[in-house]
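Single-letter residue listing:
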Amino acid sequence: MIDLNDLRTRPEAYEEAAKKKRSHLKIADFLKLDTERREIVKLVEEMRGKKNTTSKQMPSLKGKEKEEALKDMKELSDRMKSEEDRLKEIDEKWAMMQLRIPGIPLAQVPVGKDDSENVEIRKVGTPSSPLGMTSGNIKDHVTLGEELDIIDFPRGAKVAGSRFYFLKGDGVSLELAVLQFTLDHLIKKGFTAFAPPLLANWDAMMGTSYFPGGEEQAYAVGVRKEKTGAVEADDLYLIGTSEVAVASYHGGETLKFADLPMRYCGISNCFRREAGTYGKDTRGLYRVHQFQKVEQVILCEADADMSMKLHKEILGNAEEVLQALKLPYRVVDVCTGDMGLGQVYKNDIETWMPSRNGYGETHSCSSFYDFQARRLGIKYEAADGTKKFVYTLNNTCIASPRILIPILEMYQNEDGSVTIPEVLRPYMGDQKKIVKG
RNA sequence: GGAGAGAUGGCUGAGUGGUCGAUAGCGCCUGACUUGAAAUCAGGUAAACCCGAAAGGGUUUCGUGGGUUCGAAUCCCACUCUCUCCGCCA
């Protein structure tokens, strides 16, 4: 899991990271438990050693000798049981606590409490009114979607509840077009595409560091019985991103150095409960329970420079898609308070959305160093023969329907029609516009 | 969903209560022979963690989790996965 040697060497760095990431975990508490655990481990191992030694002699013993040995062993066995139970108890606590120890943000990451303190690092394109509009009669995507009969919110709510929707007719084609365009873009760049399982187990959710902590954001199928590990039903979770499945793909494996970096992308439906967001972004396609996403996932050697190089690469891939769609956007450095537990560096891309009269988050690019790899157990054999944990990164390449917001709104025309972005037309039978009727 | 078979080291495959981390073969490494290679022969060859400067020592691991036992790869229970047959099905 966490690099314990590193943690023991410089606990203050982790303490600071926890503070910056607004975690309540006290590293000192963990270290105290860690020390306690090591003492018990030592004790238990000594007892086991003694047991093993005697046990090996047992077959050669006879008569009185054997009887005495049996008596001793019985006694030792009883004492061991209670110590082993104590160890098991502490081990569980220790492991859960360890899962909450953060990755240390890079020095350049701005310190801040939440997304309001993210720092803009560049702006591409100029925020503007929709391209085909001269009047101020600008419609938002909800109105456009309704009038063009390509998005249906009321019926989505009827069938599944709030934050669900139907895409319909050209709305479906537009979504598939933008996904296919993006996927092709990545495949051309040498990415291997995955259509992963949409359900994942606890290990995958934990390994990618969504669990523990994010349980209430995931739809669960089946219930895990505490402790026994037995399952009530299926014990699976609907993934919130294909990253969960794709990053876990090589879980427990040792990779060949020559195969690194691995450039993977996943296309999948994504499911999020969005608990705790009541009343936030309730209108439209911005925050919905189910969406589709093309996600980039990178596994690379344990090298900071290589990781940063790839971070920029996958950030660039996403920017290229937005540029091809001719949508204005900006890139921000995400501050410490808005980062996930394991992330060491993170950029968001925010795309201009006229209805919000502002930028809205559409992409999220994260570097994890070995944080996920340690949880997932993904190693590689370095040139010198030693085994190291890989570094992982991921970034959205496109997420729909959220990206349909700027597309519909920026490409709307005076007559209420929507022009289809040129790069998407080949994926829609050269259709140029979405019109009423 | 029903019936059955199985899961052991990089691979194949032995092992049904004790000196078994585990026979054997393949593969791989080292050495000998050879101008070189092949073949042959000899030796070696799992991982994680802990203690140690090192040499070395210890613990754990035979699908996973429980249990029985002084002692479990081996016996019992549950689960997971794979394969075969039947049923159902996009």
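Cut-offs used in this document
Residues numbered from 1 in each chain as written. Chains lettered and ligands numbered in written order. Predicted model: local features only at pLDDT ≥ 70, side-chain atom pairs only at ≥ 80, totals over all residues. Heavy atoms only, no water. pLDDT = per-residue confidence, 0-100. Helix = DSSP H or I, 4+ residues; strand = E, 2+ residues; numbered from the N terminus. Buried < 20%, exposed > 50% of the residue type's maximum accessible area, 1.4 Å probe, protein only. Domains from an automatic or database assignment. Contact = heavy atoms within 4.5 Å. Buried area = accessible area lost by both parts, 1.4 Å probe. Salt bridge = Lys/Arg side-chain N within 4 Å of Asp/Glu carboxyl O. Polar contact = N/O pair within 3.5 Å; in protein donor to acceptor, adjacent residues only side chain to side chain. Nonpolar A, V, L, I, M, F, W, Y, C, P; charged D, E, K, R; others polar.

## Looking at the confidence of the model for chain A
Here is step 1: In this model, chain A carries a mean pLDDT of 92, and residues with pLDDT of at least 70 account for 97%.
Here is step 2: Listed scores for the predicted complex are pTM 0.91 and ipTM 0.84.

## Overview of unusual backbone geometry
Here is step 1: Looking along the chain, the bond that leaves Phe 211 and enters Pro 212 is cis, with omega of -10°.
Here is step 2: Mapping Pro 212 onto the fold places it in the loop between α8 (202–207) and β6 (220–221).
Here is step 3: Following Leu 260, the chain continues to Pro 261 via a peptide bond in cis, the omega torsion being -5°.
Here is step 4: Within the secondary structure, Pro 261 is located in the loop between β8 (254–256) and β9 (262–271).
Here is step 5: Of note in this structure, Asp 281 is not a glycine but carries a positive phi near 45°.
Here is step 6: Mapped onto the elements, Asp 281 comes out in the loop between β9 and β10 (290–300).
Here is step 7: Here the phi dihedral of Lys 326 falls at roughly 60°; this positive angle occurs in a residue that is not glycine.
Here is step 8: Take Lys 326: it is sitting in the loop between α10 (304–324) and β11 (329–333).
Here is step 9: For Lys 326, a relative accessible area of 55% translates into the label exposed.

## Structural notes on the domain arrangement of chain A
Here is step 1: In terms of domain boundaries, chain A breaks down into domain 1 (4–99) and domain 2 (115–198 + 240–434).
Here is step 2: Measuring from the centre of the C-alpha atoms in domain 1 to the corresponding centre in domain 2 gives 45 Å.
Here is step 3: Listed per partner, the contact involves four residues of domain 1 and eight residues of domain 2.
Here is step 4: Looking at the side of domain 1 facing domain 2, the largest losses of area belong to Lys 20, Lys 21 and Leu 99, adding up to 88% of the total buried there.
Here is step 5: Our count for the contact surface shared by domain 1 and domain 2 stands at zero salt bridges.
Here is step 6: Run the count over domain 1 and domain 2 and you get five residue pairs in polar contact (both at pLDDT 80 or more).
Here is step 7: The class makeup of the residues in the side of domain 1 that touches domain 2 is one nonpolar, no polar and three charged.

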